[in-house]
Every structure is written in C-alpha cells, then in structure tokens.
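# Observations on chain architecture
Below, each chain spelled out in residue letters.
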Number of protein chains: 4
Amino acid sequence: MRYFISDYSQGAHPDVLKALVETNFEHTDGYGLDVYCDNAASIIKSLIGKPDANIHFLVGGTPANVITIAATLKPYECVIAPHTSHIYMHETGAVEATGHKIYALDTEDGKLRPDMIQCVLDEFEDEHMTLPKLVYISNTTELGTIYKKSELEALSKFCKEKGLYLYLDGARLGSALTSPENDISIKDIANLVDAFYIGGTKNGTLFGEALIVLNDEINDHFRFYIKQNLGMLAKGRLLGVQFEALLKGGENSLLFKIAAHENNLAEKLRNGISDLGYEFLSESCTNQIFPILPKEKIAKLREEFLFEDWSSVDDPSKFAVRFVTGWGTTDDDINALLEALK
Amino acid sequence: MRYFISDYSQGAHPDVLKALVETNFEHTDGYGLDVYCDNAASIIKSLIGKPDANIHFLVGGTPANVITIAATLKPYECVIAPHTSHIYMHETGAVEATGHKIYALDTEDGKLRPDMIQCVLDEFEDEHMTLPKLVYISNTTELGTIYKKSELEALSKFCKEKGLYLYLDGARLGSALTSPENDISIKDIANLVDAFYIGGTKNGTLFGEALIVLNDEINDHFRFYIKQNLGMLAKGRLLGVQFEALLKGGENSLLFKIAAHENNLAEKLRNGISDLGYEFLSESCTNQIFPILPKEKIAKLREEFLFEDWSSVDDPSKFAVRFVTGWGTTDDDINALLEALK
Amino acid sequence: MRYFISDYSQGAHPDVLKALVETNFEHTDGYGLDVYCDNAASIIKSLIGKPDANIHFLVGGTPANVITIAATLKPYECVIAPHTSHIYMHETGAVEATGHKIYALDTEDGKLRPDMIQCVLDEFEDEHMTLPKLVYISNTTELGTIYKKSELEALSKFCKEKGLYLYLDGARLGSALTSPENDISIKDIANLVDAFYIGGTKNGTLFGEALIVLNDEINDHFRFYIKQNLGMLAKGRLLGVQFEALLKGGENSLLFKIAAHENNLAEKLRNGISDLGYEFLSESCTNQIFPILPKEKIAKLREEFLFEDWSSVDDPSKFAVRFVTGWGTTDDDINALLEALK
Amino acid sequence: MRYFISDYSQGAHPDVLKALVETNFEHTDGYGLDVYCDNAASIIKSLIGKPDANIHFLVGGTPANVITIAATLKPYECVIAPHTSHIYMHETGAVEATGHKIYALDTEDGKLRPDMIQCVLDEFEDEHMTLPKLVYISNTTELGTIYKKSELEALSKFCKEKGLYLYLDGARLGSALTSPENDISIKDIANLVDAFYIGGTKNGTLFGEALIVLNDEINDHFRFYIKQNLGMLAKGRLLGVQFEALLKGGENSLLFKIAAHENNLAEKLRNGISDLGYEFLSESCTNQIFPILPKEKIAKLREEFLFEDWSSVDDPSKFAVRFVTGWGTTDDDINALLEALK
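Quick caveat, the model's predicted, so the values are computed rather than measured.

Backbone-to-backbone hydrogen bonds pair the strands of a sheet. The strands run either parallel or antiparallel. All names here are of chain C. Spatially, E2-E8-E7-E6-E5-E3-E4 is the arrangement adopted by the seven strands of the open sheet, whose pairing is mixed. Looking at strand neighbours, the two that pair on one side only are strand E2 (54-58) and strand E4 (102-105), the edges of this open sheet. Strand after strand, the sheet turns through a mean of 20° between neighbouring axes, direction not considered. Sheet analysis places strand E3 (residues 77-82) next to strand E5 (residues 131-138), joined by four bridges and oriented parallel. Looking at E5, one finds that Cys78 is bridged to Pro132. Across the sheet, helix H6 (residues 114-123) is in contact with E3, E4 and E5; its angle to E4 comes to roughly 135°. Against the sheet, helix H7 (residues 149-162) engages E5 and strand E6 (165-169), with an angle of about 145° to E6.

Now the structure itself:
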C-alpha cells in the first residue's frame, strides 16, 4: 500500500531522528527552558531577521492556533477566518471552547481579502455584538493555494489600519515558501503578521510547531496560556532538538529541502494527472493536490493507494480526492500512482 | 417624539403593573419557588396542553437562549442557526462563551429549512469536528417573518429523524401567533419542538420570558444552569406574578390581546406605507416592518420619530429602516407616521 | 406565618414601587442608556465623592460579582476569597464557569486579612500556577460581621502594594454602613477598593445592584461583559428608576433608612435573645443574626416562623439558625419571635 | 552537575527509543488509530484484567487529568481533590478553565479519606452550589506517599455509595506499585476506580500517559474531548510504539523495572540521609523524597547537584528539599549525593 493520505504518516526525517538519539541521555531542565530550545529559537530569530521575536515551541498545530488566539483576545473579541479554515472546520470547536466566536467567511480559494473583512467590520454595532479583533489565515491554505506577496501586504496593511491582529497558520509553511509560484520570504511574513508558526509535524519532525510571536501584546504571560491550555511538554527540549535539526543552516536548512522535495513530487503528480486529462478542485501549487476523478477510478485506486475523499462535485459520477506528498514520498510512489491513473 | 424603535421602550402593560402592585407586600420564598410561579406554570401547561411540561421563568431572552443551549449541549456539540439569528448576531458571543460553536447558515427570510441543515450534517466527519445537535429558530424571525405550520412540521420531523434538538426562540411569539398569516397554534409548537419560550419583555411585562422545556433530557438539573449562568432572580415571584397576569384566560389572555394590538397597528402602517409606493426589505406580517425609504425622507422623519436604521440596500439613495409597534403604540402614532411619510 | 428567612421575601419598599408606577408609561431607550440610569449614577457619584466613577446597574448580586471578576481577570489569573464567601459557596461555580479559579481561605469571622493573603502569594511560583490578582471581600460578610475602617485600610494598602485588585461585595452594604459598630463611610470604601456594589435587592428594591467601578482598568469594554454574561436588562431604566428612588438625598436617602430599620430590629432581637441566655455563632452587628438554639425550640418555632437552618454546632442537641430582618419587618414580628423564644 | 530535580530530565529509556527508531519509516494512520496503539491497548487490557476497558494515549499528565474531568462532569458538577494535588496547584487553573470548580481539601499526607469527602457532601444544599461528582486522587501522591489497599477500597466503596466518580492520577503509578510498602496490584486499581492513567513521562518514555477509562459513562465521545482540549497527536502511533515497548511482558515489563530501579535508589538515598540524622517532610516510600536540610548545606549542595526547593519548615535555619530519582539515575549519583551530605 502506498500512502498519499497525509504528510504525517511516517515518523521523523532521519536527520531529525538522529538528533533525538544523539541527545537522548543528556539531562536538561523541563518545559522548554533548555539549551536546545534556546538554540532553535536563536536560529529562527536569525532566519526571520527579528532578534526580538518571541519563540514558543508547541506540540501541534491545533494547540498553536488555539493558544495564540486565547492569548490574544479578550472574552468579547472574535476571530475572522475562512469557512474552510482548520480552526473553523477541523478543531472540534476548540477556539469556541475557550469562549471565542469565529466569524467564518466563504471563500473560493481559501484566502481572505480586505474587502471580505470590511463587510464584517461594517456589520459591527456595539456591545450587543462581539468585536472583530483577529484575522486568521493559513499559508498554504487548506486548499493548497498560497498568498502572493501583494495579497499578504494588502491584508497586513488593512489589519493595521483597522486595529486587527493578523495571525498566520503555517502548518505547511515550508511547502508554501518553496512553491514554484511563491514570491514571499519568511522575513516578509515576519514583517507582515503579528504571529505565525512554522510547521514541523508536516515537514519532517515527530511533532512540533515553532510559534513566532512578533507583537509583544500577544506575548504577555504567554507561557501561562500554554500551560493552561494543555500545551506544555515536560521534556520540552525534544521540540528544541528537532527544530534545531530542522532549521540549522537557515534558508538552506532541512525544512526547506523537505518542503521542496514534497512540492517537486506533487508538481510532477499534478502535471501527470493534468496530462491524463483530469481537472482539479483548486489551483494548488504546493504539496496537496485535489484532482477530480471518476468514482470507478477512485475505487480501483484504493486497492493500492491510501488517500482522502475530499468533496463531491457537480458531476455525480466524479469526486474530488486529495493526494499529499511527504518527506518520505518517493519518485517511485509518484510513478506508480500515475501509472494506476492511466 | 414618537417611539417606533422597539417594543420594550415603555414599562409594563397596566394590567401587569397592577398585579405587581397588588402583591407587593406579600412574603414568599425566593428564586421562583413560590405560588405565583406555580400558578403561572399551571396556566401555561394548560394553554399548551402539556401537563408534564417543565416551566422556567427567566429575566430575558438572551438568558433563555443561552441557558437552554448550555443545558442541552455537551461540550463537543454545536448549534445550527440562521446567520441573522439573535444568538449569532446580537448576544455578544454569549453562546460561544459557554464553549459552544454556532454554525450559522445564510437565509433569505430568516428561516431554516431541512435541506439547509442537511448540508451541515453532510459535512460532518468525526471527532475533529463539532457534532451538530441543536437547531435554533425564532418565530417571529429577526426579519418579522413567521413559520407556516407545514414548515415547522417539516423541520420538526427532520430534526427527530436526525437526532437533533429543535429550540424555538419566542421573544415575539405572541406577535407570530396573532399574525393574520399564522396557521400555527401554541399547542402545535409544544408538540413540534423540544423547548421554546413565550416572550414577555416585548409583550407587555417589565421583563421576563417563560421557558417551556418539553424534552426531559434538556430539563435535567436545569435550575443549576440557571444559577450558574446568572439567570436566577432572588425575588423570582415577580416573574410568576407578571406571567399570571399576562396569561390568565389562556387563549383569550392579555398576551394575545397585546400581540394582536401590535400586529394590527403594524399592518395598518405596512399597508399605508405600501400605498405610498414604498417597498420593503422583508415580507413581515408581524409587529416589526422594514420599509425601504429615501435617505432624505429618513432624515426628515428623525425630527419627530425614533426608529432604527436596519441595513443598506442596492440603491445607495435609500436605506431600510425598522418600525416596531408595542403595547402602548396608538392609532394616533400610526397616523402621524403615515402623514409624515407622505 | 412570620418571615425571618431573608431580606428579600417581599416586593419593593413603597417609595420604590411608587417611582416605578409613576414612570411606567414613559418611553426611553433600552439597556440602561436612559435618563433614570443617568440620574441614579449622578446621585451615586456625588454620594461617594467620585465624579469620575463608572456606574453599572445590574439585576442581581451574582451577576455583579461574576461580571466584575470576568472583566477584571485574564484567563490565567485567580481570585482570593473567604471559604464562606458567596462566590465560593453559593453561586454554583459561576466564577469558575467563566474559567477562573477561586482560591478559598478559611476564616473565623468571614473576613480576610493581609497575612492570610500573603500566604497565598508566598506559594505562587510560575506559569504552572494561576496568578493571584483579585481579592474578594463582602461587607457585611456572610456571617453578619463587618470590616472596621482600620481593617479595610490595611487590606487596601496591602493589595495596592502587591498589585492585587480589591473588590467588595455590598449585597448588604446598607446594613454594614448603618451598623452601630461601623466606622466606615461609603466615601471611605470608594477610596479603598477598586470596585464595589451597593445592594438593592436586600435593601428595598424589586431587584438590582449598583456596581461602582473606580479603577478604569476594570471598566474597559465593561458593557460587553454585561451582555455576554447575560446581565443586560432590556428595560434597563427600571434599575435607574429604583436606584434614584433609593438613593436620592444621598446620606439621608431611603437606602440608609431601610438599612437602619433592619439593623435596629435585628439588634433588638439579638439583645432579647442574649437576655434569654442563648449564645450566637458569630458576632453579627447587622441585620442577620445566628443564635444557637435547642433543636426542640427550633421545631416549635417553625410552627409560626420561617427562618433558615444555618449549621451544626458542637453540642448535638443544638443548632445554629439565621434570623434576617427586612424593610418590612415590624416591631410586632420581633416581639412575637422573642415571646416564642421564652 | 548531577540531576535530582525530576524524573523527566533525560530522554527515553534506551529500549523505548529503540522502538521509536525501528518503526520510524513505517506509514500508519494518524491520531492514534494505528496498529501500535491497538497493540499497546491490548497489552494494557490484559495487564489490568479488563478486556473491555477503553484506552486513550495522551501526551502528558495535565491533558490526561483535564480531559478526563472535562469528559466526566456536567457544567454544574465539581471535583473534590487534595489541596496539594497537581490539578489544584500546578496546572494553571486548567480544570477551572474548562468551567469546573475544584473543591480542595487540606490533608497531612496528600491522601483523601471518606470522612473528609463526607464533610463536603454534608455542606451541599441545592442548585445554588456546585454538585460534588468526581473525586481526584493520585498514587503516588505529590508528597511521595501511597495508598494502602484498604484505603483505596474504602474510598472506592464510599464513592460508589455516594454516586461519585473516582479518578486516580498515575503520573508515578509505576513507582507506587513497586514501592516496598505497596500492597495494591494494578488489577486492584482497575477494579476500584472509574478511570486512571499509567504515567509514561516519569517512567521512561519521551512523553505519554496511558489513560484507562473503566466506566463507559466517562468514555462517551471521549475522542471529541481529546481533540477539543488540544490533546490529539497527529503521529499518534508514537504513543502506541512507546507504550508497547514499556508494557510488553505485562507485570515483568520495562515500566515496573524502571520504577523499581527508581525506588531502590530512592530508598538507598532515604536510608542514607536518615542515617546522617536528617528528618523528612513526608513519609515517602517512592522515588521522591523530601529531606529537611540546613540552609547552609543546601547552598553547598547546589554547586554539584540540581534539585528543587520544596517548602519552608518551622525551624528557619532549615528547608525541605526534594530529590527525585529517574530511569537514568545511577548508584554513583546516589553515592555522590550521600557523600556531599555528610
């Protein structure tokens, strides 16, 4: 069986695993207050060009999203997010469980634009409504699309003008930044948002996301929020060790190599599928692609491949599926899938 | 200045006030455990034909909505409601503050239909998503429209089939039930929903809503939810006294007389405005109407009348406003407003 | 049957009721944004000597406590309160339901002192614990005792030094301030705490408490907290009308007359009971007294009087009960009770 | 520098690490729905003699505690726990953040007894108070003490009679069960409590606790609670792999070997310290010990050893400290510490 179901079906990239093994017998303080977390934080600050950034290592993406939102918002403030977003659709109401409304906006491509947010602001009246305060975006989006630099700049400018925080979910940030269509650098992101995270789980670590808080207002007593929201890891150095392995070398680090590998194989797959005459649900240029296939073909593929059903389409004889490439996906996997699609 | 801004700008209907004055010097137990609350509950049970219904008197509509939802849902379950609904738009995220997601649906007329809810159910996958469990509707809706009996029956049948609770916000239930277009009785409602409330605040009391819980699952430890959610009134008998005054006589009671009065004046106003050639934002048949007026005319009206701006419309020279009639609105008020609209 | 069970078993004092009746037919804006609330707020500001105080009228004491705490604390901050306090024992976990820990301290007399709070501060370490931030006291306490001026000053000084907010629950503040043993003025309180409320429900109104927020940090977006926590009354002017009636005349107002009446009758009762040779659970000097009576005597009293069992005592043949005087308690009531106790 | 500061200052026991390395390249489904989690669950069911138990693997102890409590309690129900307990003192109010009150009881030795709980039940009156529903205990306790079988049986019987759930925090359960003074088997625990967890983090895993839910009422929709409370690990199989390595062999498994090693070294240290004439804060018989040392001696020790200050004692020249042994603590470490204490 070949896995295209996610980019987190294997363990860690060998280089990350090696770092864990090599440091295993050392003693350190717990809860992320150790030299490995310090080193990884230093590497990140250098990579993003922000020596004063606040770095927190968290076990997963949902904790990163929910804890950041909990630390940012007052009880009466709400989040604006795409309807397709992870926090709205796939976190079991974890944001609402901390008491905050998510105001969800319909989008074609998973991306928010200033005019969409302005409509929400226009609706706001007074203390009978929640006050919009944080804009949540993801890059890549849930549909595999990415923000262009001009789009992110426009969003950032708009949020600053309106007193809104801008937060970017980077579960697949590596894939976004190494996409052939990308024109944004990680330094750009650090200049344009209030907080974002660099995803590790979907980029070669066993687990872990590196949250970067650029706005000190959000960082106030942040570690209390981590602990209260169940995100404090006892052996916190495991996160530091992995992110050090993933990010040392900065722009030439393993993170970007893994992401480029994933994107290259996804592109090869996308081109191959396109050549076979199939269409796609979204214009993904990253490591998730969403071809629309005949249901018969899908049933046949299942004998040999694992992948996710995504959504129905207008033609009832077809369905959109999702193929994802990971750090361990091989050329051979791609060839086999393309062969089976013929 | 004449008030069309709400149906709660005056105190209580004289008959309700009289009951409060007459009982003022009596001693009773607190927190709604008194003979007046018992009497009012008996009247309601008889009116709705449900001797085993559970009745709780609450100070306002937001408490009625939020407490009922808090008592109904497990932490991982969510509400389905119209985007225009009071709980989604005008309760400052109070439902979310108890930890529950509201999944909001766009509607033309403020009403939910089974196919709209089915779409939400279709999306549900597993424990990564909140589980849809309660459908919130209001009658009248926020747009002054009402449910037809066939619509409410279809919704009720659908919810039962799907294991969803159906809750009806009756802040203006009196107005709905006395609308010329209404074909539902209060007994029908009691047969079709799991819980609903009869609004007092907008129907002649100083304050107070009578919540009727027909599904015993929702009623479990209900008074704990009232207290925890700040809805327990020390001199609870004030609610019983008022609802006894409002509802004694059942179908011929003051509640329906006040509502019919409000509807009659609203209809006169609606017809008059229609005769003047104006259009309306919604097809309201109750005590709120939403004419679309030229902005100049609106500015002129403000000199003599108080009313609410409602929403922009396609024609930028016009705006939709809201006129509401209350228990104290007079024929003279209507004539004056129609005169000013000429 | 004669009522000593609470100070809220009757309706409103006649002067308060009269004000409600007289203003009943007027139209005003809702939600407390009306001339009566403005007037009542002005009277309060003058009474406490704080022209810049923020005044909010709320329906009950539990809402006043919970909303103030919700508006004051960050998610990771906690309350320090007496174990006997209303928020810890009698609000169904409403404070915890907003996410905040109450750290409860054992007291002999219901009063907190700096050294007790210092012990909690000493325990605090880091982000693995909640941060103590608000001290909750009540005056009168749940045991009928009151703070002396020197005690409140010491507490206030301590809290300021330690960066703690000091909040005073004044459900029976009138009774405290008119106690024969009181040496604190309402102006003193306004100078010494960050927020407090003047109780109406137990001092002659139908319902309502006047919350006074002296620290602007607590007042930020306060009305959002009121609405989100279900405390916003549609016909908010009812609160203004009642507090205007209760407080006009300032130090000579109805509030203090009612409280003095309650205290005088309670003192007469206490002295009479003491003369009969009974002991008391606490040294109350206000309108609640806690005599320790033989269980046989208690059973006999129940035939004619309504009152509350309070707590067991060392002697198993006896029990502590609570007698409370209200605005409508009469000399005749006291004489009858004393006669029955002989 | 030698570490006595915690039992989680190193990585994983070599056998656990080996299992992670060996399985690293396999593909599996995420979120704990994989063969390794299934295998580990089977081993646990066999070990505890409960083929129908529900097993959930969680990243840490705070998530295990908070998620279990969230899944067990209705909003109006509260927890009874020792004042010293982890949930009350060292989880930053995470339980309260889910809306639940913890009613904390003072204890001498960190253990709860039926009569203490009965006092809380006696206080309960009605809907104005939270309803006690879950009793939280830990074994070992925070003070290193353990429950005797008769004590746990008495507690279990009492809880069943009173309709209370009994939950046991087993962060250091291995150490408890291998203590020389222990007379409880893991099967006993499974028979006596409604839920408990076997701690991995402090017993040789990189992270992870195995939660065992024996009462199906608590297990209802449990995975929704895990996800909503941020406890769902994407590469969930990492937990299964580690617990399989830790527990295969059942009663002869690595878990018990590690725990016995920790206890043996702790006992050697305790005896040595006792022989030197020092006293202890608690009668610990497990892998945490709390000697009372002269402050001068403590300062001296710090040059070579890392350990935690615990609490002040009556004699101001002394202080209680905590020494903890872990899977990697050596005889040499103990000898060095005893030498330094001479």
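Time to look at the relation of the copies chain C and chain A. One copy of the chain maps onto the other through a rotation about an axis followed by a shift along the same axis. After a rotation of 180° and a shift along the axis of 0.0 Å, chain C superposes on chain A with an RMSD of 0.0 Å. Such a combination of turn and shift is consistent with a two-fold rotation axis. Closest approach to the rotation axis among the C-alpha atoms of chain C is made by Lys74(C), whose C-alpha sits 4.1 Å away. A high fraction, 100%, of the interface residues of chain C reappear at the interface in chain A, so the copies pair face to face through one surface.

Our focus in this paragraph is the sheet that holds strand E3 (residues 77-82) of chain D. Residue and element names in this part refer to chain D. Pairing within the open sheet is mixed, and its seven strands lie in the order E2-E8-E7-E6-E5-E3-E4. The sheet terminates laterally at strand E2 (54-58) and strand E4 (102-105), the two strands that pair on one side only. Strand-to-strand twist in this sheet, taken as the mean axis angle between neighbours without regard to direction, amounts to 20°. Summarising the sheet, E3 and E4 pair through four bridges and their orientation is parallel. Of the residues in E4, the one forming a bridge with Val79 is Ile102. Along the sheet face, helix H12 (residues 237-247) touches E2, strand E7 (195-199) and strand E8 (209-213) and points at about 110° away from the line of E2.

Residues and elements named next belong to chain C. In this model helix H3 (residues 61-72) runs 16 Å from its N-terminal to its C-terminal C-alpha over twelve residues, within 8% of the 16 Å that 1.5 Å per residue would give. Most of H3 sits out of view: twelve of its twelve residues are buried. Of the residues making up H3, those classed as buried are Gly61, Thr62, Pro63, Ala64, Asn65, Val66, Ile67, Thr68, Ile69, Ala70, Ala71 and Thr72.

Any two side chains of opposite charge can pair if their charged atoms end up close together. Using the criterion set out here, one finds 68 salt bridges over all chains in the structure. Between Arg113(B) and Asp109(B) there is a salt bridge, with the nearest N and O atoms lying 2.9 Å from each other. You can call Arg113(B) partly exposed: its relative accessible area is 31%. Sharing partners across several salt bridges, the network here consists of Asp109(A), Lys111(A), Arg113(A) and Glu151(A).

A few words now on the interface of chain A and chain D. With 44 residues of chain A in contact, the opposing surface of chain D contributes 44 residues. Around 4100 Å² of area is buried between chain A and chain D when both sides are counted, 61% of it from carbon and sulfur atoms. Among the residues chain A hides against chain D, the three largest losses belong to His27(A), Leu230(A) and Lys235(A). Together they make up 19% of the total. At the surface where chain A touches chain D, the tally comes to zero salt bridges. Where chain A meets chain D, there are 25 residue pairs in polar contact (both at pLDDT 80 or more). Of all elements in the fold, only helix H1 (14-22), helix H3 (61-72), helix H5 (94-97), helix H11 (222-228) and helix H12 (237-247) of chain A reach the threshold of two or more residues within the side of chain A that touches chain D. In terms of residue count, the dominant contributor to the side of chain A that touches chain D is H3(A) (four residues). The residue makeup of the side of chain A that touches chain D, split by class, is 23 nonpolar, 15 polar and six charged.

As a further point, take the relation of the copies chain A and chain D. Of the transformation placing chain A onto chain D, the axial shift is 0.0 Å and the rotation is 180°, giving an RMSD of 0.0 Å. Interface overlap between copies: 100% of the residues of chain A at the interface are likewise at the interface in chain D, consistent with a symmetric, same-surface contact.

All names here are of chain A. Within the secondary structure layout, Gly200 lies in the loop between strand E7 (195-199) and strand E8 (209-213). In this structure, the C-alpha to C-alpha distance between Gly200 and Thr68, residues 132 residues apart in sequence, is 17 Å. Setting aside chain neighbours within four positions, we find Gly200 in contact with Thr205, Gly208, Glu209, Phe243 and Leu246.

Reading the values: the criteria
By convention here, each chain's residues receive numbers from 1 onward along its written sequence. Chains and ligands are labelled by the order in which they are written, letters from A for the one and numbers from 1 for the other. Local features are withheld for residues below a pLDDT of 70 in this predicted model, meaning they are given only at 70 or higher, and side-chain atom pairs are given and counted only at 80 or more; totals for whole chains, interfaces and linings count all residues. Computation of side-chain values: all heavy atoms of the structure, hydrogens and water removed. In this scheme, strands are said to pair when DSSP sees at least two bridges between them. Secondary structure elements are defined from DSSP: runs of H or I of at least 4 residues count as helices, runs of E of at least 2 residues count as strands, and each element is numbered from the N terminus. For every element, the axis is a line fit to its C-alpha atoms; helices are fit only across the contacting stretch, and the angle between N-to-C directions ranges from 0 to 180 degrees. Contact definition: two residues touch when any of their heavy atoms are within 4.5 Å. Residues below a pLDDT of 70 in either copy are left out; the C-alpha atoms of the rest, at least 70 in both, set the least-squares superposition of the copies. One less than the number of residues in a helix, times 1.5 Å, gives the span that helix is expected to have. For every residue, the accessible area obtained with a 1.4 Å probe (protein chains only) is divided by the maximum for its type, and the residue is called buried under 20%, exposed over 50%, and partly exposed between those limits. We define a salt bridge as a contact between a side-chain nitrogen of Lys or Arg and a carboxyl oxygen of Asp or Glu at a distance within 4 Å. As a working definition, buried area equals the accessible area (1.4 Å probe) given up by two parts on being put together, with both sides summed. Within 3.5 Å is the distance limit for a polar contact, defined as a pair of N or O atoms, with the added protein rule that one can donate a hydrogen and the other accept it, and that residues adjacent in sequence qualify only through two side-chain atoms. For this scheme, ten residues count as nonpolar: Ala, Val, Leu, Ile, Met, Phe, Trp, Tyr, Cys and Pro. Four count as charged, namely Asp, Glu, Lys and Arg, and the remainder, Gly too, count as polar.

Nothing here speaks to function; it is geometry throughout.
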